[in-house]
Protein chains: 2
Amino acid sequence: MPVTRSDELATRLREVGLRVTGPRLAVLSVLAGRAHVDVETVRGAVHDRLGGVSTQAVYDVLRAFTVAGLVRRIEPAGRPALFETRTGDNHHHIVCRTCGTVSDIDCVVGAAPCLEPSSAPPGFLVDEAEVTFWGVCANCQSKNREGIDHL
Amino acid sequence: MPVTRSDELATRLREVGLRVTGPRLAVLSVLAGRAHVDVETVRGAVHDRLGGVSTQAVYDVLRAFTVAGLVRRIEPAGRPALFETRTGDNHHHIVCRTCGTVSDIDCVVGAAPCLEPSSAPPGFLVDEAEVTFWGVCANCQSKNREGIDHL
DNA sequence: CGGGTTTTCTGGAACGAGTCAAGAGAACAC
DNA sequence: GTGTTCTCTTGACTCGTTCCAGAAAACCCG
């Protein structure tokens, strides 16, 4: 059962001027249920729910959502893109170097761009400060300690 | 003529325990001459200098350099990876959304990770705070104004 | 300085993520 | 309903990057 009712999702779509279709409702519902999802996971979940979708449709839907501001696309270096429904608050992310898990970090400062560059090139118009924290999560740290003698 | 003398570059390689080879010297010299370089540019420049290199060699060399801490790899979302020789000072980057040009921004705070997450998951060991500023550079702003009636 | 070991480089195939293109098929406006 | 416009399907394709096997070069040691 979707976390959010389907007519509510449909309304959200119409509000931003997007047509309501099966794949779109399904994608939105999947995204509403989890914090950070990659394309393949979306495709899988939507496929199960609808009994088939093309990869292309998933990419198209996600792009439309991103342009409409319904979802935010994040792309940690070297990893496939992730999508999240938490938008507009310019929060940040913390990524585990080992397992790739991404968590949200509330913005230290208030509104976007939330940080000012100390010495931007003249005339540069900054609209966003993206902060990514990198490290190793508790889970991977303990796994690493266990597995150290297998190497 | 390279910005840095070739025996000096060779010394730098040996210092970090890397063998000295033609491709490595050439790559290091190319990187030393510019702030942010993508793989294709490196390959082109090295090819001209040496009369031929495989793409693979360039990737291998850059990976070895990155692991050794000789260069830093940055990967702005949706763009091919860039390499820079300025390492160890945890400075940040500002990227133009239109032309993709990357410039350095001095770190606001002192040492890495230079920013502390306000609410990291318990046990998470943060080692780096990566900050990327996004916007439009002066150049692209004026080009956009000129070209607006062609659209 | 020559021989053996280790590492690096070459060439070519392969991969994953993402995009492009043309047409069939739905959603909406009237 | 009907026509227009947008969306989805299928399938080929690009791009950045990696994997593989073998040839070649750099280093270490006697």
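Here the structure is a predicted model, which means the values were calculated and not measured.

About the criteria used
- Throughout, residues of each chain are indexed from 1 in the direction in which the sequence is written.
- Chain letters and ligand numbers both follow the written order, the letters beginning at A and the numbers at 1.
- Residues qualify for local features only when their pLDDT is at least 70, as the model is predicted, and side-chain atom pairs are given and counted only at 80 or more; totals for whole chains, interfaces and linings, by contrast, use all residues.
- The basis for every side-chain value is the complete set of non-hydrogen atoms in the structure, without hydrogens or water.
- Residue proximity to a molecule or strand is established when one non-hydrogen atom of the residue lies within 4 Å of it.
- In protein, a polar contact requires one atom able to donate a hydrogen and another able to accept it; more generally it is a pair of N or O atoms within 3.5 Å, and residues adjacent in sequence count only if both atoms are side-chain atoms.
- Numbering of helices and strands runs from the N terminus; a helix is a DSSP stretch of H or I covering at least four residues, while a strand is a stretch of E covering at least two.
- Marked domain ranges trace back to an automatic or database domain assignment.
- All copies are superposed by least squares; the fitting set is the C-alpha atoms of residues with a pLDDT of at least 70 in both.
- Residue contacts follow a heavy-atom distance rule, with two residues in contact if any of their heavy atoms lie within 4.5 Å.

## Quick word on the protein's contact with DNA strand D
Item 1. Around DNA strand D sit 19 residues in total, of which A:Thr21, A:Arg24, A:Ser54, A:Ala57 and B:Gln56 are the nearest.
Item 2. The sugar-phosphate backbone supplies 67% of the atoms of DNA strand D found within 4 Å of the protein.
Item 3. Measuring from a phosphate oxygen of DNA strand D, one finds a side-chain N or O atom of A:Arg24 at 2.7 Å.
Item 4. The side chain of B:Arg19 places a nitrogen or oxygen atom 3.2 Å from a base nitrogen of DNA strand D.
Item 5. Going through the elements one at a time, α2 (22–33) and α4 (55–68) of chain A together with α4 (55–68) of chain B are the ones with two or more residues in the surface near DNA strand D.

## Topic: the domain arrangement of chain A
Item 1. Taken domain by domain, chain A consists of domain 1 (6–74) and domain 2 (88–150).
Item 2. Inter-centroid distance (C-alpha atoms) of domain 1 of chain A to domain 2 of chain A is 25 Å.

## Looking at the relation of the copies chain A and chain B
Put simply, the second copy of the chain is the first one after a rotation about an axis and a shift along it.
Item 1. Rotating chain A by 180° and translating it 0.0 Å along the rotation axis places it on chain B, where the RMSD comes to 0.1 Å. The transformation just described matches what one would write down for a two-fold rotation axis. Ranked by how close their C-alpha atoms come to the rotation axis, the residues of chain A are headed by A:Val131, at 2.3 Å.
Item 2. Both copies contact each other with a shared surface, as 97% of the interface residues of chain A are interface residues in chain B too.

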